[in-house]
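# Summary of the model geometry
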Amino acid sequence: MALEEMENKPIVTCHGEQELFKSIHPELIQSLPRDPVEWRRSYGRAPKTISVDVQFVPFSIDILQYEGSRQLLHQSFFHLYWTECPDVDAYKIVVKEEISKWQQTLKEKNISDWMIVLVEASNPKRGQKTKLLPRTSVFDKIKNDFCSKQSDRCIVLHEPNNPVPSVRSQESWTVFLGRLRQLILTSYNRNLGKFEEKMRAERERRNEPGWDFNQYFLLQEELAFVYEMLRQYDEALVQYDELDALFSQFVINSQAAKAPEWLNNFNGNCTRWDGLDLSRPINQQIRELIKTGKPTLLDIRNYLFSRQCVLLLFLNRPLEVANRTIAFLHNCVQELRILEITMPTGSVDCWVLLSSLEILDMCEKRASGNYRESYSYYSASLRAYAQSKLHQLGLLCGLMPDTEPTSEQLNMVVELLSGMGHLQPLQSKKYNSQQKLREALSSKEAFQKTYLELSEIAMGTFKHIGRQRSAKMMGKHLASFYMKRGEAAKAEGFLSDALKVYVKEGWKSIAIDTRKELAKCQKTMGNTNKYVKSCAVLASEMGISKADKEYFFNEMMEAAEKLNDAEDADCTIGNAKLVNIVKAQDDMVEESNKMSLEEVFTIESMNITPSDGKLTHGQEAKVTICIRSRFPEPVTVDQMVFSLSSDPIDKSPMPTSQKLFPGKVSSLKQEAFAFEEEVRVCDGKEEVEASSFLCVNAQKALQREDSSSSLILKELDLQYKDYKIKVDHESTVLEPGNNTLNFTFEARENGKIEGQQLWLKIKGLELILPRLTFDTRFIVNTQEPMVVISANNNHSLLAGVPQDLKLFISTGYYSIKSCDAISIQTIGQLEILKLEESAYNIMPCSKGADVNLPETAAYSEVELAMIVRAPLATVGAGNMNNDETCQLEQKMTLWCPWAETVVSTLSFQQPFRISHHLRTAGKRKFIQVSVENLCCAKFRLTDPEMKSLGQTSVKLQNLHPLTEKVLLPTCTMSYMWRFAVSDNLPRALECQFSIQYELIHPAPPREMALLHTYSFTLEDFTTQYIVSSSVSPSSNDAMCRAGKLCNLQLHVQVTGEHLETNTPLMYEVVTDSNTWAVCGKNNGLLNIEENLTEVSLQVIPLTAGYLPLPAIKLSRYMQQDRNQDAPPTKLTMTNVDNDTSIEDDKFDTPDCCNQSLPSLQAFSLGQVYLKSHAMQVHVLPENNESTVNIVQP
């Protein structure tokens, strides 16, 4: 239902030429509210933007405001005078006198809000008159006569009715509308300000005798009406909120002081309780009662709150309506009690219910879309409150399912229906809240339908917004209602859901009451299986009286006896064997007689014997359980079974000094609170300003589980399972308090034995503990002997130095005798060294050792120390370049008479990498040997020696000091030797390097100096050619300049004795593209005929600075037959060092070699000496360059 807005508008009077105004009125009434303007208000209030929409009426003295008037809505706010006076003479004769009378009337009423409008219409006859400029115009006369101090109160409107308006007429119309809007807003401020002052003065008299709230209510409501008329609904709402607060304060003060006389008028009997009416903006019937001073408390409250609701709906705030309603209803009921207003029984409940349904119905229509979710947060409590009042009406009127209405209750219904009033004609067409309540009070079927509908919607709303506790409380009310209707099955579901939540959240008292109701419901249904379990829990509950505990204990025993009589005779346990009790999950009946043992008993402790949990074959073990009975009387347990599982385990050594499973282990994981400490220290001081604990997982720890999740173990978890080991007891009496149960069994197989389940049977009731929270694990293990060899402290092993090994022996079931020995065989060159001092005897041999062991008992562990040494690699550097060859694997085989043969692989790291380099200086030769440390150890190096093998004529002179050196981790030590004679050196020379080394850190198990040798061969290493080059300027310049030609002189000197003179040489100039450019070819052939050959080339330096000379590359130019596989158009350069071929297209094939396929062969290392390899030339920048690149040496 859409609410209609107030049709009243502010009144503006019009005087003067009415026909003129009528012609302008249609356009004026449309244009005035078209553009909103800013309304600057008084008393520092925030400005608002409003549209000026007024009602124009003819001027009349009756609608003028007067002093002391208490009305504001139907009074005029502004006054206009319209005239179309053509000339000054007509103005003096007629118009001036009329304006004077009009203004005199306004002054008598003390009205200063007016404006005179002079309309200049188009007149064709004016063009025929003599065009003389008058001394003054009509507009000037009016301004001088009436607006001398207020020039803005007089305005000229040019040709407003012209079908084709001119620019002047449009401008005048715009100015007129703007000024009229501002003057009307000024009038609003003036009139509303005067009225507010009058209203405040009236409110200040509220404690004087004779002051009447009803009259003040009408006065302030007049201001609210004006704000509503101006569509300022929030300001109008403020007025009603102030009235509400003022009235509530008077009622509260009446408890401590004498109530004013006007408040006593509300103490009369109330005969109407028809609730709120939001179908119309203003309830005129109640407003008339307020004018006459005869409203009741419910009348004034209904009217006041309905007006607040209407304004909130105009503001599109239906959520606030629902939010305010619950407080309004409680406040009004409390005021009825304070004022001691007499009302018929049930009338207040009717009023609350009608008001709630009216609000809910209105908000349901308005709260749609995005508001629906938020609306539910406010409507849920309102629906619950309405449901409680309907429940009270059902009890009063005998409408509950288990009662029949009496004659007195029927008369009460008639009286309640009469106090609701008559349905309004507009309301009677629809099924509204009052009609719904009338039907509910008229018949039990309608009442029950309405009650169920309201309760289910309220419960669903609570669930939707996450208020599960309130939803469960509503479920309890529904369960009580269904119990009265005899529908116990429906009631059980609501009670069960509520019980789960109460138990989980620790509402112990509420949970006990709910369980009692649930037990009553189950007994009514005849469900013995569920009833016996509810009675068992109640009989063991600590928060219940002794009499109730005994009652439910007796009920439990009677129900269990019935179940026992109905059981199949085959479901028995005898001789520790279970017959036909294990059922498949698919065959499990819906209602089981099984329940969790922890609901009635408490397991205080579980202890195992032996305490360390280690068993051997045939050894007896015992589990001792301390169980506390919470029943009020002794109970006989007919059958009791403790089940254990047996699983195989891996064979591994077991520590002897450590308990296998210490402490108590919980199998039920719970999210615990995690806290972080935060300390704040004062700036610049050491004092603690504040400290706090912050829960970092509060959301996860406090999160609510779904209400459908069961807090009691599911039926599938409460099934008896057939485990491998079962220990049973027959007919045991458990006294109230602690009882001790002993379960003894014998270990028969290797593996892990763990307690899994405890099963008790009390007549027909089965109690199962499916998971044990105490540790009851045993290890049955006849351990096999085992031998393991590994590095000591898991360190990496180094080759070439003595290393510690650890021999771990686990005897298992075997007892080592004094004559027992372990035979160790090594494969390769791994050497076992003899220990000097040891409790056992190690006898090394050529391929291993024999270890004589001391006497050792069974199930013991022995660790033996050994010292081994792996050989160093004696190969050359070519085989030691990659990291894989730095690891040396050695295998060791262990034979012992009581265990299996063990083959162990040990990985040794090579500590050194030795490499050699041939160095050349002209014809002189040098040998450099580098020793690189590959590990993290420190070594002492002494006595380095280099000698030639098979060449006694070759002498080597050492160039390094002979003192001992310490080689640090990841460092390199280098040694240098020089050939004593440079001539007559052999083409091939075998050399051997030897050095003494000793491990310093980590400390070796045995100190000893060891010798390491390194052999290598030098081939074709004598110097055959010496290549030198130089660069000089080609012009008269003293130095080279960038960008200019320079001469490159290449000198090749022959120094070798055994040369092939018929083999030409090829040279190549290799340059950097950023420094040098070669003019012409950068390569060519050389025919060596003399000891010294010179070649001249031209190059251009590309940059200035100290430039390195272009590199020179010299190769042998070899010819091949055409029938070979080499391509005919390419030169192939063979690298002798690494036997790789490089194809190069940049060499030009000489004409003399067209008949064969050429290839390039590089010289061996040391045969060509590049004399100018490290030389530089100074190049100056160009003369005409302002900015050049400089290469610094």
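A quick note: this is a predicted structure, and the numbers were derived from the prediction, not measured. (Residues numbered from 1 in each chain as written. Predicted model: local features only at pLDDT ≥ 70, side-chain atom pairs only at ≥ 80, totals over all residues. Heavy atoms only, no water.)

## A few points about the side chain of Gln 890
One can find Gln 890 in strand 30 (residues 887-895). On the accessibility criterion, Gln 890 (6% relative accessible area) is buried. Ignoring any residue separated from it by four or fewer positions in sequence, one finds Gln 890 in contact with Ile 827, Gly 828, Gln 829, Leu 830, Ala 870, Ser 904, Thr 905, Leu 906 and Phe 908. (Helix = DSSP H or I, 4+ residues; strand = E, 2+ residues; numbered from the N terminus. Buried < 20%, exposed > 50% of the residue type's maximum accessible area, 1.4 Å probe, protein only. Contact = heavy atoms within 4.5 Å.)

## Digging into the sheet that holds strand 1 (residues 11-16)
The parallel open sheet is built from five strands, whose spatial order is 4-1-5-6-7. Both outer strands of the open sheet, strand 4 (55-58) and strand 7 (154-158), are each paired with one neighbouring strand and no more. If you compare each strand with its neighbour and ignore which way they point, the axes differ by 30° on average. In terms of strand pairing, strand 1 meets strand 5 (residues 76-83) through six bridges, oriented parallel. (Pairing = 2+ DSSP bridges. Axes fitted to C-alpha atoms, helices over the stretch in contact; angles between N-to-C directions.)

## Some thoughts on unusual backbone geometry
At the junction of Thr 609 and Pro 610, the peptide bond is cis and its omega measures out at 5° in the coordinates. Among the structural elements, Pro 610 can be located in the loop between strand 11 (601-609) and strand 12 (614-615). With an omega of 0°, the peptide bond between His 1001 and Pro 1002 qualifies as cis. Along the chain, the position of Pro 1002 falls in the loop between strand 38 (988-1001) and strand 39 (1010-1019). One non-glycine residue, Arg 231, adopts positive backbone phi at about 60°. A positive phi angle, near 60°, is found at Asn 316, a position not held by glycine.

## Some details on the pairing of strand 14 (residues 635-647)
Strand 14 sits mainly inside the fold: 10 of its 13 residues count as buried. Judged from the nine bridges that link them, strand 14 and strand 17 (residues 725-734) form a sheet pairing that is antiparallel. Pairing of Phe 642 across the sheet is with Val 727, part of strand 17. Judged from the nine bridges that link them, strand 14 and strand 19 (residues 751-762) form a sheet pairing that is antiparallel. Looking across to strand 19, one finds that Leu 644 is bridged to Gly 755.

## Details of the pattern of salt bridges
On inspection of all chains with the given rule, the structure shows 38 salt bridges. Between Asp 244 and Arg 301 there is a salt bridge whose closest N-O contact spans 2.4 Å. One end of the pair, Asp 244, is in helix 6 (residues 233-253); the other, Arg 301, is in helix 9 (residues 297-314), with 57 residues separating them in the sequence. Among the residues examined, Arg 301 registers a relative accessible area of 2% and is labelled buried. The shortest N-O distance in the salt bridge between Arg 383 and Glu 364 comes to 2.5 Å. (Salt bridge = Lys/Arg side-chain N within 4 Å of Asp/Glu carboxyl O.)

## Re the packing of aromatic side chains
Scanning the model with the defined rule gives 40 aromatic pairs in all. Seen from their ring centres, Trp 262 and Phe 266 are 6.2 Å apart, and the 85° between their planes marks the pair as edge-to-face. Each of the two residues, Trp 262 as well as Phe 266, counts as buried. Through a chain of ring-to-ring contacts, three or more aromatic side chains come together here, namely Trp 211, Phe 213, Tyr 216, Phe 217, Phe 247, Phe 250, Trp 262, Phe 266 and Tyr 303. Looking at Arg 153, its charged tip hangs above the ring of Trp 114, at a distance of 5.8 Å from the centre. (Phe/Tyr/Trp six-rings, centres within 6.5 Å; stacked < 30°, edge-to-face > 60°. Lys NZ or Arg CZ within 6 Å of the ring centre and 35° of its normal.)

## Remarks on the sheet that holds strand 33 (residues 924-933)
Ordered in space as 32-33-37-35, the four strands form an open sheet in which the pairing is antiparallel. The sheet is open, and its two borders are formed by strand 32 (912-921) and strand 35 (956-958), each paired with just one other strand. This sheet shows a mean twist of 25° between the axes of neighbouring strands, independent of strand direction. As paired strands, strand 33 and strand 37 (residues 972-979) are joined by seven bridges and run antiparallel to one another. Looking across to strand 37, one finds that Val 929 is bridged to Tyr 975.

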